[in-house]
Amino acid sequence: MQKYSVVTFGCQMNSHDSERISDLLEDTGYEATDDVEEADLVVLNTCSVREKAVQKLRSEVGRMAVLKRRRPNMVLAVAGCVAQQEGEKLLRSMRSVDLIFGPDNIPELPALLSQLEQGGPALVRTEFDLEEPSFLMARPRDGRGPTAFVTTMKGCDERCSYCIVPTTRGPERYRGSSEVLEEIRRLVDSGVKEVTLLGQTVDSYIDPESRLAPAPHAGEERARHARGKLSREDETEFPALLYAIASEVPELKRLRYTSPHPRHLTPSLIVAHRELPVLVRHVHMPVQSGSDRVLKRMLRRYSIAEYLERTGQLKEAVPGLTLSTDIIVGFPGETREDFEKTLDVMRAASFTGVYGFKYSERPFTPALKMDNDVSEEEKSERLTELFDLADDIRNAHLASLVGTDQRLLVEGFSRGGGYTGRTERNEIVHFGCSDDPVGQLVDVKIERAFKHSLAAVLLDNIRARPLGGQDQATSKRSLNVVS
Ligand code: SAH
Ligand code: SF4
Ligand code: F3S
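Here is what the cut-offs are and how they apply
- Residues numbered from 1 in each chain as written.
- Chains lettered and ligands numbered in written order.
- Predicted model: local features only at pLDDT ≥ 70, side-chain atom pairs only at ≥ 80, totals over all residues.
- Heavy atoms only, no water.
- Buried < 20%, exposed > 50% of the residue type's maximum accessible area, 1.4 Å probe, protein only.
- Helix = DSSP H or I, 4+ residues; strand = E, 2+ residues; numbered from the N terminus.
- Pairing = 2+ DSSP bridges.
- Right-handed = clockwise from strand over helix to strand, strands pointing away.
- Axes fitted to C-alpha atoms, helices over the stretch in contact; angles between N-to-C directions.
- Core = buried A, V, L, I, M, F, W, Y, C linked by side-chain atoms within 4.5 Å.
- Contact = heavy atoms within 4.5 Å.
- Expected span 1.5 Å × (residues − 1).
- Arc of directions from axis to C-beta.
- Domains from an automatic or database assignment.
- Buried area = accessible area lost by both parts, 1.4 Å probe.
- Salt bridge = Lys/Arg side-chain N within 4 Å of Asp/Glu carboxyl O.
- Polar contact = N/O pair within 3.5 Å; in protein donor to acceptor, adjacent residues only side chain to side chain.

Participant: Sorry if this is basic, but what is going on with the pairing of strand β4 (residues 75-79) here?
Facilitator: Here is the key point about a regular strand: its side chains alternate between the two faces of the sheet. Buried residues dominate β4, accounting for 4 of its 5 residues. Taken together, the 5 bridges between strand β3 (residues 41-46) and β4 define a ladder with parallel strand orientation. Counterpart to Asn-45 in the pairing with β4 is Ala-79. In terms of handedness, the path from β3 via helix α2 (residues 51-70) over to β4 forms a crossover that is right-handed. Looking at chain direction, β4 and strand β5 (residues 99-101) are connected through 3 bridges and run parallel. Along β5, the bridge assignment pairs Ala-77 with Leu-99.

What follows is the structure, encoded as structure tokens:
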């Protein structure tokens, strides 16, 4: 049997694509291997959001070229955002590549491979499926675990001035709500407990099938929103989709989404968070900068006051809700004062998770015309300062949880022995258990806080027992499984 290996470089969307590529290859008769040295087909699923990611690809292709010299029949494919962005041009600089295909051309992969088998030159397919967008169904698989991603939209219409994603992923296209619901239903039937809805601006969702009932209170809340700053396009059908999921798949335990754009954090989305217990008490809401001046140059379309007001309303509606965020430091023209405003926002919003990046010039982006005037050294210093503050905020948050009871979705084994689960707010918790609770929701008491995680004990009589060596039959019954 032919063996394949997929290497993922990018975001959650990219890794979701890698899974769909794997599904297709397995249908075609390939078998997965983690060892590229023995793979007959290697797919590099690339990211081009920052220059560093592209450099990583170059060095990986170099490594593959050496392998190919030893095994000339090996097929090397480049997929993902660099493939989409560069297309044929990649072949000039990377001669060992046999196949280049963009994110929307994944369904064509089996046909492209059989074309290659018949000999002939390298193939390139980087067409967006604008007319009939396809969304590959996530396949329930044994051993996939209790969490799954479900795509609800692709592409991005925002055009933030620094970002290449609208170029590599094309314009926004939404998936029909019936397909989204069907996929969630199937996953839940196969044992999935937690679903994360996935999209570049996931909260801009509009149902192309127009079959969603309006979100309850959407109109009223809008009218109540006296500031009247929302524009028509800020209101989307995303809250309506959340209500539909909650009512049509009531067995789903946890619902997350990523990444939303702050301008669609509308009153009706806030109400959805208040009313739908399935929505977790955690939202990743990229802020990018704490300075209005910089946000304007980034074309983010909100002010810091609006960001803090809306996230503040969300926290009020859902007590205990935490936020995580993305931040870019050293955007063109960012002064020390602007950066300090970013630190202020970090404190004001108490982000418990921060993905920080140094600004990186990207092709085809409007920010290229701006003067990239913050030195690399200054960018590095600002990033270190940002992470130091993020560590302080996270440490204080984790410490505040010691002594509290938390419900975990158990995701797997812990490296140090025992098991690992996540709270609804995404805190990682390690605990000991004599039974196998993977895939279950269990209640624990938090005992200790570490730098990035927590240690806990199960809130039932199992906790008195040492790890391992237990009578499985009795421990199963006494395990405090919530679902
Ligand atoms: N659609 C998502 C994610 C986009 S890419 C969103 O809007 O949140 C993930 C993150 O990469 C962005 O949020 C941004 O913080 C960062 N990023 C994007 N382009 C970048 C660039 N040119 N330089 C540095 N960071 C960038
Ligand atoms: Fe990029 Fe902005 Fe779109 Fe996110 S919203 S993908 S940062 S253009
Ligand atoms: Fe994701 Fe990177 Fe593309 S962040 S959308 S894989 S550019």
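Further notes follow.
Participant: Sorry if this is basic, but what is going on with the sheet that holds strand β19 (residues 453-458) here?
Facilitator: Pairing between the strands of a sheet is mediated by backbone hydrogen bonds and can be parallel or antiparallel. Spatially, 5 strands are ordered β15-β16-β17-β19-β18 in a closed barrel, and the strand pairing comes out mixed. With strand direction ignored, the average angle separating the axes of adjacent strands in the sheet is 55°. Alignment of strand β17 (residues 428-431) against β19, held across 4 bridges, turns out to be parallel. Within the sheet, the bridge partner assigned to Ile-428 lies in β19 and is Ser-453.

Participant: In this structure, what is going on with unusual backbone geometry? I would like to understand it.
Facilitator: In most cases, non-glycine residues show a negative phi, while peptide bonds are predominantly trans. Going from Thr-258 to Ser-259, the amide bond is cis rather than trans, its omega being -10°. With respect to the helices and strands, the residue Ser-259 is situated in the loop between β11 (254-258) and α10 (267-275). Its identity is not glycine, yet Arg-159 carries a phi of approximately 60°, on the positive side. Take Arg-159: it is sitting in the loop between β8 (153-154) and α6 (165-169).

Participant: Which parts of the structure should I look at to understand the nonpolar core?
Facilitator: Ile-184, Leu-197 and Leu-242 are the most contacted members of the largest nonpolar core, which totals 69 residues. Looking at this core element by element, the count peaks at 7 residues for helix α9 (residues 238-248). The next biggest cluster of nonpolar side chains, apart from the first, holds 21 residues, and it includes Ala-39, Val-78, Val-82 and Leu-90.

Participant: How do you make sense of the environment of Ala-122 when you look at a structure like this?
Facilitator: One can find Ala-122 in the loop between α5 (109-117) and β6 (123-125). In the structure, Ala-122 is positioned 129 residues away from Glu-251 in sequence and 47 Å away in space, judged by C-alpha atoms. Each residue touching Ala-122, except ones within four places of it in the same chain, is listed here: Leu-91, Val-97 and Asp-98.

Participant: Explain helix α13 (residues 336-349) here, please?
Facilitator: Helical geometry note: an α-helix holds 3.6 residues per turn, so side chains three or four residues apart project in the same direction. Spanning 14 residues, α13 covers 20 Å between terminal C-alpha atoms, matching the ideal 20 Å at 1.5 Å per step. For α13, the full list of buried residues reads Asp-338, Phe-339, Thr-342, Leu-343, Val-345, Met-346 and Ala-349. Along the long axis of α13, the arc covered by the buried residues comes to 155°, so they all point the same way. For α13, exposure combined with an orientation more than 90 degrees from the buried face picks out Glu-337 and Ala-348. Structurally, α13 contributes buried residues whose contacts are with α11 (292-298), α12 (304-317), β13 (322-329), β14 (353-358) and α14 (376-400). After α13 finishes, the residue Ser-350 shows a positive phi value of roughly 50°.

Participant: How should the domain arrangement of the chain be read in this particular structure?
Facilitator: For an interface, size is often stated in terms of accessible area lost upon the parts coming together. Once the domains are mapped, the chain shows domain 1 (3-125), domain 2 (147-400) and domain 3 (405-465). Domain 2 and domain 3 are separated by 28 Å when their C-alpha centres are compared. Between domain 2 and domain 3, the contact holds 18 residues from the first and 18 residues from the second. Contact between domain 2 and domain 3 buries roughly 1500 Å² in total, counting both sides, with carbon and sulfur atoms accounting for 48%. As a salt-bridge pair, Asp-391 and Lys-451 come within 3.7 Å of each other at their nearest N and O atoms. The interface formed by domain 2 and domain 3 holds 11 residue pairs in polar contact (both at pLDDT 80 or more) in total. For the side of domain 2 that touches domain 3, the leading source of residues is α14, giving 6 residues.

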